[in-house]
Amino acid sequence: MPKDKFFKVIENRTHPGEKLVDTHCSYCGMQCGMKLRVDTSTNRIIGVEPRYDWPVTLGKMCPKGVTAYQQTNHDDRLLKPLIRDDRSLRGTKMGFREATWEEAYGLIVRKFQELQSGFGKDSLSVFSGVSMTNEKCYLTGKFARVALQTRYIDYNGRFCMSSAAAGFMRTFGVDRGSTLPWTDLHETDCLFIAGSNTAECHPTSMFRVWEVQNRGGYLIVADPRETPIARRADVHLDLRPGTDLALANCMVNLLIQGGYADREFVEKHTNGFDAMLEVVKQFTPEYTSEITGVAPEKLIRAAEIYGKAPNAVVMFARGIEQQHKGVDNVSAYTNMSLVTGKIGRPKSGVATFTGQGNGQGGREHGQKADALPGYRKIANPKHVEEVCKVWGITPEEMPQPGVSAYEMFGLMQDKTIRGLYLLCSNPAVSAPNLNEVRAALMNLDFMVCCDMFLSESAEFADVVLPTVTWSEDEGTVTNLEGRVIKINKAQEPLGESKPDWEIQVELAERLGRGQYFRHLKTARDINDEFRLASKGGYADYYGATWEKIEEQQGVFWPCRDEADPGTPHMFLDKKFYHPDGKALLCALPYRPPAEEPCGDYPLRLTTGRVVYHYLSGNQTRRIPFLRDMCPEPFVEVHPETAKRYGIAHEEMVRVRTRRGEAEFKVKITEAIRRDTVFVPYHFGHEKSVNLLTIAALDPTSKMPEFKACAAEIEKLTAAPAAQAQEPIKEVIQT
Ligand SMILES: Nc1nc2c(c(=O)[nH]1)N[C@H]1C(S)=C(S)[C@@H](COP(=O)(O)OP(=O)(O)OC[C@H]3O[C@@H](n4cnc5c(=O)[nH]c(N)nc54)[C@H](O)[C@@H]3O)O[C@H]1N2
Ligand SMILES: Nc1nc2c(c(=O)[nH]1)N[C@H]1C(S)=C(S)[C@@H](COP(=O)(O)OP(=O)(O)OC[C@H]3O[C@@H](n4cnc5c(=O)[nH]c(N)nc54)[C@H](O)[C@@H]3O)O[C@H]1N2
Ligand code: SF4
Ligand SMILES: [Mo]
């Protein structure tokens, strides 16, 4: 990779008695480079240093990254398997006793076999996550289909990346989250960012974002809240939650009306223009303003800036994707790039801010209900045959596609699914409509949870297996650019904890399926098999060897063989992945959110993140600095709305929706629309905002609508209305 203008060589210092291990952060898709400090006398991790030579992030890290190392030797680590003998204590932290691995394995195998002989193979399920390496994600898919022989496997990417994935598949015929490397971003002339709180969620992207403006380029942000990035935007499109489809259609309409369409590009490289035009042309600024609440002049200005920019990148995140029309939103915003031909060349393109550390790789290699390694499909007999050759099973033995993550909870409630192997996810906090989800977990006959900390979901388990943190194992991860990178081991597993892959190989042996797994003795062995299984698929990793990753500072997929350096820029040859080589301009009529505000629930509730916590918070709520900075959830309310309800800053209020209620501290801020309230979702038990969210699923991606539902606020005390205080100013520095 060429070095960009920010690149500076700064030597790291090592102290006597210490070594530095090159690796990446355990958390988000940025996968910032870091060096873990290891005490060579104890062989324990004791700290972190920046990794200045990592080309994407150049030594930068956020508050989560600089404290991530504190997980490894944390007092709360699970060091031995736990078994609960008294099932009446399920749903609480109580009743567990320590056990040996032999006893835990023995119990799991006996229970799994009992359930499968009584109720069929598909009575078991696997629910997984993508904070794991590609090797572990790959093996988890194989474990479900070959060791457990069940169709029911899905994963937390359904709540995260599945709308972006399905939108890109429909538009481009391939799903790589970014069509260009991050090292291009600061050189573009316009960033159009929708539904991403970039400064809090991908903070180490910000130096590139600000550089666009510093160079005289533009930043446009579409978000119902005035996030740190929205505040400095040239245009902030402060839309109502759930109305992006109208906004995106309006942008495309204005780009065409303003003469910014690239007719030649559209003609040669796309299908669907006429049908799309038919839909978008009704989205005039005035009509769109009625739906979105954004002033018409802002819409016109935004389209003009994007249209005039020689190069531009359209970017988005969960704000637009976690809607029951998330897939349409993705394709609608992507239409902006295609209509103007601003794609398939450096400094222009489309990118989603992939969420989890391995949100990209983890969705490509067989953890999805309907997918197999290399982004293959179970519905395609040729794909099944290719994977069966690597796995050594017959196509008849390959289980059918299962159902999506949220739908699995429904099957637990009706007893179609009776056993669960949960790893790398904490759905008792992070799934929507939690009252139902927690009831589904309670309804299981037997549940196993693998985690390194006792999570809220582990409280429902019969057996808890201790796994390792990212720093105690090695493997590859695919970052938000589509760059395959290497995670290195800095310490031996703490206590008796084991990597997920080792647990699965050992369980497979005891389940009588050892012949398919016992050759996998190291993470490297799994990498060899996994690259082979991906060979020839869309997401081809065959040529992305560990050596090449080291030499090139990562390898962008597709990377088909040894000689192939990989693909930093997608579509440079203007070839999209549909059979005719063209991209699809999608015609997407507007649909409102599943639940609109009404008399009983007059507000819009939206949910998301703060910089200090990660997802369900099971890791970050244990880190003292992060917990101190944000100890509890809050509800953001506009000062005028607060006045209307007679509520004061830091007063506790009840927030209610049709599904449930919870109490939160009020944070009065001008940085939110008057008709909208926002709550971060990183907290468990009665503090989970997901008790309130709606499980309206996108029909294609099955992604829940975390970003919009109807809500009401209730004062807890009957005391006279307190005076609404001064709005507090945001303190986040970026
Ligand atoms: N600090 C931190 N960083 C993280 C994570 C974390 O938990 N904490 N998680 C990682 C993961 S897995 C993910 S998926 C990403 C998520 O990254 P983001 O998607 O950036 O984060 P969110 O807070 O979920 O939502 C983004 C923004 O969407 C806005 N929004 C809400 N409703 C709408 C809408 O209808 N339309 C539009 N246009 N915007 C809307 C919200 O106001 C919010 O500012 O972050 C990753 N990085
Ligand atoms: N209301 C609302 N809800 C949301 C969202 C939202 O914006 N609003 N966002 C959604 C999104 S985008 C996401 S990604 C989900 C994520 O939600 P979850 O899937 O719950 O994600 P985590 O909290 O990361 O859960 C991972 C769990 O696995 C453990 N873990 C970490 N690494 C490993 C490993 O290598 N192996 C094993 N076995 N365990 C490990 C952690 O300790 C943690 O308990 O939440 C979704 N829920
Ligand atoms: S931006 Fe993401 S990857 Fe980087 S340090 Fe923060 S959490 Fe870790
Ligand atoms: Mo996510």
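Residues numbered from 1 in each chain as written. Chains lettered and ligands numbered in written order. Predicted model: local features only at pLDDT ≥ 70, side-chain atom pairs only at ≥ 80, totals over all residues. Heavy atoms only, no water.

As annotated in an unreviewed UniProt entry, the protein chain carries the name Putative nitrate reductase and comes from Paenibacillus mucilaginosus 3016. Note on the protein chain: under the UniProt heading Cofactor (unreviewed entry), the record states "Mo-bis(molybdopterin guanine dinucleotide)". (UniProt positions renumbered as here; feature names shortened; annotations may be inferred.)

Right, let's talk about the UniProt feature "domain: 4Fe-4S Mo/W bis-MGD-type" (unreviewed entry) in the protein chain for a bit. Here the UniProt-annotated "domain: 4Fe-4S Mo/W bis-MGD-type" (unreviewed entry) positions come out as residues 18–76. The span residues 18–76 is 8% helical and 36% strand by assignment, and the distance between its end C-alpha atoms comes to 25 Å. (Helix = DSSP H or I, 4+ residues; strand = E, 2+ residues; numbered from the N terminus.)

What follows covers the site of ligand 2. If you check the shell around ligand 2, you find 29 residues, and the closest are Ser 425, Ser 430, Asp 451, Asp 500 and Ser 616. Separating a nitrogen atom of ligand 2 from a side-chain N or O atom of Gln 322 is a distance of 3.1 Å. At 2.9 Å from a nitrogen atom of ligand 2 is found a main-chain nitrogen or oxygen belonging to Cys 450. Contact with the protein chains covers 98% of the free accessible surface of ligand 2, which is 910 Å². Of the residues assigned to the shell around ligand 2, the class counts are 10 nonpolar, 15 polar and 4 charged. When residues of the shell around ligand 2 are sorted by domain, at least three fall in each of domain 2 (92–158 + 358–544) and domain 4 (603–715). (Near = heavy atom within 4 Å. Polar contact = N/O pair within 3.5 Å; in protein donor to acceptor, adjacent residues only side chain to side chain. Areas by Shrake-Rupley, 256 points an atom, 1.4 Å probe, with all protein chains shown as cover. Nonpolar A, V, L, I, M, F, W, Y, C, P; charged D, E, K, R; others polar. Domains from an automatic or database assignment.)

Quick look at the sheet that holds strand β13 (residues 349–352) now. A sheet is described by the order of its strands in space; here 5 strands give the open sequence β10-β9-β8-β12-β13, paired in parallel fashion. The sheet terminates laterally at β10 (235–237) and β13, the two strands that pair on one side only. Ignoring which end each strand starts from, the neighbouring axes of this sheet average 15° apart. The sheet contact formed by strand β12 (residues 312–316) and β13 spans 4 bridges and is parallel. (Pairing = 2+ DSSP bridges. Axes fitted to C-alpha atoms, helices over the stretch in contact; angles between N-to-C directions.)

All right, on to helix α10 (residues 273–280) then. Buried within α10 are the following residues: Phe 273, Met 276, Val 279 and Val 280. The buried residues of α10 occupy one face: seen down the axis, they fall within an arc of 125°. On its buried face, α10 sits against α8 (244–257), α9 (263–269), β11 (270–271) and α14 (326–340). (Buried < 20%, exposed > 50% of the residue type's maximum accessible area, 1.4 Å probe, protein only. Arc of directions from axis to C-beta. Contact = heavy atoms within 4.5 Å.)

With that settled, consider the environment of Arg 674. Along the chain, Arg 674 falls in the loop between β26 (661–668) and β27 (676–680). In this structure Arg 674 comes out as partly exposed when scored by relative accessible area, which is 45%. Sequence-wise, Arg 674 and His 638 are 36 residues apart; in three dimensions their C-alpha atoms are separated by 5.3 Å. If we ignore the near neighbours within four places in the chain, the residues touching Arg 674 are Leu 603, His 638, Glu 640, Thr 641 and Arg 644. For Arg 674, the side chain forms a polar contact with the side chain of Glu 640, separated by 2.8 Å.

What follows deals with the sheet that holds strand β2 (residues 33–39). Taken together, 3 strands build an open sheet; the order of strands is β1-β2-β3 and the sheet is antiparallel. Of all the strands in the sheet, just β1 (18–24) and β3 (44–50) have a single pairing partner and so form its edges. For this sheet, the mean inter-axis angle between neighbouring strands, taken without regard to orientation, is 35°.

Further remarks concern the site of ligand 3. Around ligand 3 lies a shell formed by Cys 25, Tyr 27, Cys 28, Met 30, Gln 31, Cys 32, Met 61, Cys 62, Lys 64, Gly 65, Pro 203 and Thr 204. Its residues assigned to classes, the shell around ligand 3 shows 8 nonpolar, 3 polar and 1 charged.

Before going further, it helps to spend a moment on the pattern of salt bridges. With the rule as written, the count across this model stands at 59 salt bridges. The salt bridge partner of Arg 318 is Glu 321, with a shortest N-O separation of 2.8 Å. Taken together, the positions of Arg 318 and Glu 321, both in helix α13 (residues 318–321) and 3 residues apart, correspond to about one turn of that helix. The same class applies to Arg 318 and to Glu 321, which are both buried. The structure contains a network of salt bridges with shared partners spanning Arg 654, Arg 656, Glu 661, Glu 663 and Glu 714. (Salt bridge = Lys/Arg side-chain N within 4 Å of Asp/Glu carboxyl O.)

Partitioning the protein chain into structural domains gives domain 1 (3–71), domain 2 (92–158 + 358–544), domain 3 (162–352) and domain 4 (603–715). In this complex, domain 1 contributes 7 residues to the contact, which on the side of domain 4 involves 10 residues. In total, about 790 Å² of surface goes out of reach between domain 1 and domain 4, with carbon and sulfur atoms giving 71% of it. For the domain 1 face of the interface with domain 4, the top three residues by lost area are Tyr 27, Pro 63 and Lys 64, together amounting to 60%. Linking domain 1 with domain 4 are 0 salt bridges. (Buried area = accessible area lost by both parts, 1.4 Å probe.)

Moving on: the packing of aromatic side chains. Applying the stated criterion across every chain, the model contains 26 aromatic pairs. Both rings, one in Trp 182 and one in Phe 353, keep their centres 5.7 Å apart while their planes meet at 85°; by these two values the pair is edge-to-face. Of the two residues, Trp 182 is situated in the loop between α4 (162–172) and β8 (190–194) and Phe 353 in the loop between β13 and β14 (371–372); the sequence distance between them amounts to 171 residues. When sorted by exposure, Trp 182 lands in the same class as Phe 353, which is buried. By way of ring pairs, the aromatic residues Phe 168, Phe 172, Phe 192, Tyr 306, Phe 316, Tyr 333, Tyr 538, Phe 571, Phe 576 and Tyr 577 are connected into one cluster. Lying over the aromatic face of Tyr 306, Lys 342 brings its terminal NZ or CZ to 4.9 Å of the ring centre. Positioned above the aromatic ring of Tyr 542, the side-chain terminus of Lys 535 is 4.3 Å from the ring centre. (Phe/Tyr/Trp six-rings, centres within 6.5 Å; stacked < 30°, edge-to-face > 60°. Lys NZ or Arg CZ within 6 Å of the ring centre and 35° of its normal.)

With that settled, consider the side chain of Gln 367. Among the secondary structure elements, Gln 367 is positioned in the loop between β13 and β14. Looking at Gln 367, its side chain comes within polar contact range of the side chain of Ser 128, at 2.4 Å. A polar contact is formed between the side chain of Gln 367 and the backbone oxygen of Gly 129, at a distance of 3.3 Å.

This part takes up the environment of Thr 606. Relative to the helices and strands, Thr 606 resides in strand β23 (residues 603–608). On the basis of relative accessible area, Thr 606 is assigned to the buried category, the value being 6%. Residues Thr 606 and Leu 423, 183 residues apart in the sequence, show an inter-C-alpha distance of 27 Å. Discounting residues that sit within four places of it in the chain, Thr 606 has contacts with Pro 241, Thr 676, Val 677, Phe 678, Val 679 and Lys 707.

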